[in-house]
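# Geometric and topological summary
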Amino acid sequence: MKKIITIQWIVLLIFVGSLKASAAAFGPMEQSLNGMWKFRIGDNMDWASPNYDDSGWNLIKAPALGESRL
């Protein structure tokens, strides 16, 4: 029984190590969203199209005045 538990721990540690290596390969897990963003209230699947004209959208600055980072 003790041998089976040890093998399970080894497999788990290898799995966790490979997950960390995969995450490191994709870069940082946190990305800053500070800056100017186009904004419009609503939801429309057409907005996801690369050809959609968003020139009439409002610009907002993130983070806005009074917002803080959690």
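You'll find the structure just up there.
Read on for an overview of the structure. (Residues numbered from 1 in each chain as written. Predicted model: local features only at pLDDT ≥ 70, side-chain atom pairs only at ≥ 80, totals over all residues. Heavy atoms only, no water.)

## Details of the overall build of the protein
A count of helical and extended segments in the protein gives one helix and two strands. The order of helices and strands in the protein, counted from the N terminus, is α-β-β. A buried classification covers 3% of the 70 residues belonging to the protein. Counting every atom, the protein has about 7000 Å² of accessible surface; 64% of that belongs to carbon and sulfur. (Helix = DSSP H or I, 4+ residues; strand = E, 2+ residues; numbered from the N terminus. Buried < 20%, exposed > 50% of the residue type's maximum accessible area, 1.4 Å probe, protein only. Areas by Shrake-Rupley, 256 points an atom, 1.4 Å probe, with all protein chains shown as cover.)

## Some details on the packing of aromatic side chains
Evaluated as defined, the whole model comprises two aromatic pairs. Ring pairs connect the aromatic residues Trp47, Tyr52 and Trp57, which therefore count as one cluster. (Phe/Tyr/Trp six-rings, centres within 6.5 Å; stacked < 30°, edge-to-face > 60°.)

The quantities given are spatial measurements derived from coordinates; they are silent on function.
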